[in-house]
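One-letter residues, chain by chain:
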Amino acid sequence: MKKVTLLMVAGALVLASCVGNPEGKRAEVSDDVAEAATSQAGTELTVDTGLSMVHWTARKVSAEHHGDVQIESGALVVDNGKLVSGNFVIDLSTIANHDLDGEYKGKLEGHLKSADFFDVDNHPHATFEITNVQDGAEAGNIIVSGNLTIRGVTKNITFDAQVQEASDTAVKATADFNIAREDWGVNYAGQADDLISKEINFKVTLVAGV
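No experiment lies behind these values; they were computed from the predicted model shown.

Participant: Whenever I open this one, the overall build of the protein chain confuses me. Can you help?
Facilitator: Broken down by element type, the protein chain carries two helices and twelve strands. Going residue by residue from the N terminus, the α and β elements of the protein chain occur as α-β-β-β-β-β-α-β-β-β-β-β-β-β. With 210 residues in all, the protein chain has 39% of them scored as buried. Within the protein chain, residue pairs in contact and separated by at least 24 positions form 62% of the contacts whose partners lie at least 6 positions apart. Within the structure as shown, the protein chain displays about 11300 Å² of accessible surface, and the carbon and sulfur contribution to it stands at 51%.

Participant: Explain the packing of aromatic side chains to me, please; I cannot follow it from the model alone.
Facilitator: Aromatic ring pairs: the centre-centre distance and the angle between the two ring planes describe each pair. Applying the stated rule across the entire model yields five aromatic pairs. Centroid distance Phe-159 to Phe-177: 4.3 Å. Interplanar angle 20 degrees. Geometry classified as stacked. In this pair, Phe-159 is assigned in strand 8 (residues 153-166) and Phe-177 in strand 9 (residues 170-180), connecting sequence segments 18 residues apart. Accessibility assignment for this pair places Phe-159 and Phe-177 in one class, buried. Here the aromatic rings of Phe-177 and Phe-202 are separated by 6.2 Å at their centres, their planes lie at 65 degrees, and the arrangement is edge-to-face. In this pair, Phe-177 is assigned in strand 9 and Phe-202 in strand 12 (residues 199-209), connecting sequence segments 25 residues apart. Take Phe-177: its relative accessible area is 6%, and that puts it in the buried class. The exposure class assigned to Phe-202 is buried, which follows from its relative accessible area of 13%. Here a set of aromatic residues connected by ring pairs shows up, and it is made of Phe-88, Phe-128, Phe-159, Phe-177 and Phe-202.

Participant: When you look at the nonpolar core in this model, what are you seeing that I'm missing?
Facilitator: Generally speaking, soluble globular proteins have nonpolar side chains that are buried together. Counting 41 residues, the largest nonpolar core has Leu-92, Phe-118, Phe-128, Ile-157, Phe-159, Phe-177 and Phe-202 as its most contacted members. Residues contacting Phe-202, with those up to four places away along its chain left out, are Val-54, His-55, Trp-56, Ala-175, Asp-176, Phe-177 and Ile-179.

Participant: Sorry, what's going on with the side chain of Thr-158 here?
Facilitator: By the element assignment, Thr-158 lies in strand 8. Within the structure, Thr-158 has its side chain in polar contact with the side chain of Ser-145 (distance 2.7 Å). Setting aside residues up to four positions removed in sequence, Thr-158 forms contacts with Ala-27, Glu-28, Ile-143, Val-144 and Ser-145.

Participant: Would you explain the side chain of Ser-197 in this entry?
Facilitator: By the element assignment, Ser-197 lies in the loop between strand 11 (194-195) and strand 12. If near-sequence neighbours (up to four positions away) are discounted, Ser-197 is found in contact with Val-19, Gly-20, Asn-21, Pro-22, Ala-58, Arg-59, Lys-60 and Arg-181.

Participant: What should I look at first to understand unusual backbone geometry in this one?
Facilitator: Note: most peptide bonds trans; most residues except glycine with negative phi. A positive phi is found at Asn-80, a non-glycine position, where the angle reads about 55 degrees. Secondary-structure assignment places Asn-80 in the loop between strand 4 (63-79) and strand 5 (82-97). Within the chain, Asp-119 stands out as a residue other than glycine whose phi angle is a positive 50 degrees. Relative to the helices and strands, Asp-119 resides in the loop between helix 2 (102-113) and strand 6 (125-135). Of the residues examined, Asp-119 reaches a relative accessible area of 12% and is grouped as buried.

Participant: Before we go on, may I ask you to explain helix 2 in this structure?
Facilitator: Two residues of an α-helix separated by three or four positions point the same way, owing to the 3.6 residues in each turn. The end-to-end C-alpha distance of helix 2 is 17 Å, a good match for the 16 Å that twelve residues give at a rise of 1.5 Å each. Buried within helix 2 we find Leu-108, Glu-109 and Leu-112. Down the axis of helix 2, the buried set is contained in an arc of 95 degrees. They therefore lie on one face. In helix 2, the exposed positions that point more than 90 degrees away from the buried face belong to Gly-102, Glu-103 and Lys-107. Those residues of helix 2 hidden inside the fold are in contact with strand 3 (53-60), strand 4 and strand 5.

Participant: Explain the pairing of strand 7 (residues 141-150) here, please?
Facilitator: Summarising burial for strand 7: seven of the ten residues are buried, a large majority. Taken together, the eight bridges between strand 6 and strand 7 define a ladder with antiparallel strand orientation. Each residue of the ladder has a partner; that of Thr-127, found in strand 7, is Thr-149. The loop that links strand 6 with its antiparallel partner strand 7 comprises five residues; one of these, Gly-140, has a positive phi angle of about 90 degrees. Pairing between strand 7 and strand 8: ten bridges, direction antiparallel. By the bridge assignment, Ile-143 is partnered in strand 8 with Asp-160. Hairpin geometry of strand 7 and strand 8 is characterised by an intervening segment of two residues between the two adjacent antiparallel strands and by a positive phi of about 55 degrees at Arg-151.

Conventions and cut-offs
- Residues numbered from 1 in each chain as written.
- Predicted model: local features only at pLDDT ≥ 70, side-chain atom pairs only at ≥ 80, totals over all residues.
- Heavy atoms only, no water.
- Helix = DSSP H or I, 4+ residues; strand = E, 2+ residues; numbered from the N terminus.
- Buried < 20%, exposed > 50% of the residue type's maximum accessible area, 1.4 Å probe, protein only.
- Contact = heavy atoms within 4.5 Å.
- Areas by Shrake-Rupley, 256 points an atom, 1.4 Å probe, with all protein chains shown as cover.
- Phe/Tyr/Trp six-rings, centres within 6.5 Å; stacked < 30°, edge-to-face > 60°.
- Core = buried A, V, L, I, M, F, W, Y, C linked by side-chain atoms within 4.5 Å.
- Polar contact = N/O pair within 3.5 Å; in protein donor to acceptor, adjacent residues only side chain to side chain.
- Expected span 1.5 Å × (residues − 1).
- Arc of directions from axis to C-beta.
- Pairing = 2+ DSSP bridges.

In structure tokens, the structure reads:
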């Protein structure tokens, strides 16, 4: 009996260690927070909060969950047809799940807003402010660095993005990247037999105009 119990425990530990991160390239992270990007010239465009959105995906051993969270405000600056700076604010009270229904959906959304995860009561917003933009290897591709603040913790991250449109009247840009949540103090590991992935995937769509 004791041998069987040990085998069951060992099996549970192996299963718990098998959780993988959601698909996506992990953003580079720096503890050194740079000053925000500025531009002597350029046109500031207001982020359209109805068309802009952050989609999230996370995994645990037993399931994958996904949903979105709304962008509350923001602005992007374009100079000579290029995105050069900008910022946006995320309203964490709008965290929503899209793969569950009813009671389970409500429980997950409530848990994500709790102190185990994003502690929305004390930190209702996340923010991102661009610190640098470089051209990517191909047309329309850029490399963005910026200060991401979650739960009062700020890290500078660098990730690839794509610009579908950039003019004096309109901007549309998208990005798809992962972050390691523990870098921002989101440390809840999950149940011992159902651990949660270390990384979260974000797919960001920003649309801005006059």
